[in-house]
Amino acid sequence: MRIALPTVGQRRDVPVLALFLVTSVVVALVAGFGLGWWLILYQSFGVPMPAGGWLVLVQVHGHLQLMGFAGLLVMGIGYRLMPRFRGSPEPERRLVLASYLCVTIGVALRVAQLAQPSDARTALLLLSGALEVAGSAIYATTTMRTLALGDNAHRADELLMAGGAVWLPIAAMWSLVSLQPLFGGASLASLDADAAAVAAFLIGTVGGHILGVSVRLNSGFIAAKLVPDNVLVGATALWMVGTFLVVLQIGGGAPLLLAAAIALFTSVGIFGRSRAARPLPEHAQVTMFAWRAAYIWLVIGLALLTVDAMVGGAPSFVVAGRHALAIGFLGSMAYGVGARLLPTLTGGPALPVGAVRWAVILTNLAAALRAFVELVGPATTPAAVALALSGPVGLAGLLVFAAAAVRTVRPALHTFA
Ligand code: HEM
């Protein structure tokens, strides 16, 4: 699929896109990779941590990474990309900005979980959860409307994108429900409701969007063959039912997700001989590398979650599986696809191929250090060092990509200066 360069009207919305992307990166730098690194240094070397703070900080890290970093990234790109796919009108700017403000303020207020129990903390957390639900609901309804409208013929991959959009407010609602113990003075959110929110975010929202968009773009971006509609519809059904079961912690969800991932992995046409008549140009080779890495981490992540579902009580498999998906799958695809989408969505210059390649290499190294060493645990010094390195390596990947992206987006913003 070829995506046309932005029209004058679409250029008008580049600052709004930049707002989502910049906020997403700032959250990831501070509360995501930064806090994640502190958590891992405590786990590996026992660096000081506020009393009783470990699990509270883990919950805040996880939520800010999912709703802040991943959520705002998916919303920003979704608002720009879906109207292009559908040939439908752009969403109303005031609705887009309202959802941005609700989610961003909600995410910022979630830090109140670190404070001592008080009526003020309860009010701030209630507001945080309610704003995230409101912002997510605006995104989901606007996106469903965009996908329903438009002059272009509907495609099966829109089911995955629609599913991804619908899981966002569901995840935000589970996150709000998880805060209930905090309203009663506890310091930890409900572990079950928190786990449901994490699953709905990571698998439902992030998984649905990335799989839907990558399937749509793979033929244009890397000359891969189109996924047959029957495979797509089947994989989408497995994905949505699997997500539903994992969110409700009913057995059988993870194996269904793994089956859907393997169906897409084998039919997405990125392993084995390319369809391209000539060797892919360098930037497309980097996209192909990112695509392949993302799909491999998708299968690894879901296989780890399936092992936990089968044998039960394997927390390190859950943590490793989540980070294989969050760093390997999400990171590789965000940098690989983002590097091709940003110039198209903003009209700015292409990202330097070398920077994109290094961002993908670093995020894959961070995913391997985070997921695989988590399975063996930081018992030995080499393992503790390797686990601790996952934080700065992941951070370096994000910084390399963000610096290259600024170079592309900034000229598009100058037109507004
Ligand atoms: C290399 C960077 C990262 C490091 C060092 C890191 C570190 C950690 C640590 C130490 C934990 C606690 C694990 C446990 O319970 O034993 C954790 C949990 C978690 N992390 Fe990360 N993380 C990183 C990146 C990410 C990313 C990119 C995401 C999502 C986009 C993410 C989402 C989560 C979630 C959802 C949890 C579970 C939170 C909960 O139980 O509520 N992490 N992370």
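The rules behind each value
Residues numbered from 1 in each chain as written. Predicted model: local features only at pLDDT ≥ 70, side-chain atom pairs only at ≥ 80, totals over all residues. Heavy atoms only, no water. Salt bridge = Lys/Arg side-chain N within 4 Å of Asp/Glu carboxyl O. Helix = DSSP H or I, 4+ residues; strand = E, 2+ residues; numbered from the N terminus. Buried < 20%, exposed > 50% of the residue type's maximum accessible area, 1.4 Å probe, protein only. Polar contact = N/O pair within 3.5 Å; in protein donor to acceptor, adjacent residues only side chain to side chain. Expected span 1.5 Å × (residues − 1). Contact = heavy atoms within 4.5 Å. Phe/Tyr/Trp six-rings, centres within 6.5 Å; stacked < 30°, edge-to-face > 60°.

Visitor: With reference to specific residues and values, describe the pattern of salt bridges.
Guide: Pairing between side chains becomes possible if they bear opposite charge and their charged atoms approach one another. Per the counting criterion, the structure on display carries 7 salt bridges. Its salt-bridge partner being Arg-357, residue Glu-282 comes within 3.1 Å of it at the nearest N-O pair. Taken together, the residues span a long stretch of sequence, with Glu-282 in helix α11 (residues 282–311) and Arg-357 in helix α13 (residues 353–376) at a distance of 75 residues. In the salt-bridge network here, residues are joined through shared partners; they are Arg-86, Asp-157, Glu-158 and Arg-216.

Visitor: For the environment of Thr-346, give the residues involved together with the corresponding values.
Guide: Position of Thr-346 relative to the elements: it lies in helix α12 (residues 315–346). Owing to a relative accessible area of 1%, Thr-346 belongs among the buried residues under this scheme. Polar side-chain contacts of Thr-346 include one of 2.6 Å to the backbone oxygen of Leu-342. In terms of polar contacts, Thr-346 uses its side chain to reach the backbone amide nitrogen of Gly-348, at 3.0 Å.

Visitor: Give me the lowdown on helix α10 (residues 253–267), citing residues and values where you can.
Guide: With 15 residues, α10 ought to run about 21 Å at 1.5 Å a step, and its terminal C-alpha atoms sit 22 Å apart, in line with that. The set of residues buried in α10 consists of Gly-253, Ala-254, Leu-257, Leu-258, Ala-260, Ala-261, Leu-264 and Ser-267. Packing partners of the buried residues in α10 comprise α8 (191–222), α9 (229–247) and α11. Taken from the residues just after α10, Gly-269 is the one with a positive phi, measuring 70 degrees.

Visitor: Tell me what's going on with the packing of aromatic side chains, and back it up with residues and numbers.
Guide: Taken as a whole and judged by the stated rule, the model has 8 aromatic pairs. For the pair Phe-33 and Phe-69, a centre-to-centre distance of 6.1 Å together with 70 degrees between the ring planes defines the contact as edge-to-face. Of this pair, Phe-33 sits in helix α2 (residues 14–45) while Phe-69 sits in helix α3 (residues 53–86), and the two are 36 residues apart along the sequence. Clustering of aromatic rings is evident, with ring pairs tying together Phe-20, Tyr-79, Tyr-100 and Tyr-139.

Visitor: Give a description of unusual backbone geometry that names residues and reports values.
Guide: One non-glycine residue, Ala-223, lies in positive phi territory at about 50 degrees. For Ala-223, the position within the fold is in the loop between α8 and α9. Judged by relative accessible area, which is 18%, Ala-223 ranks as buried. Even without glycine at this site, Gln-249 takes up a positive phi of about 50 degrees.

Remember, this is a structural readout, not a statement about activity or role.
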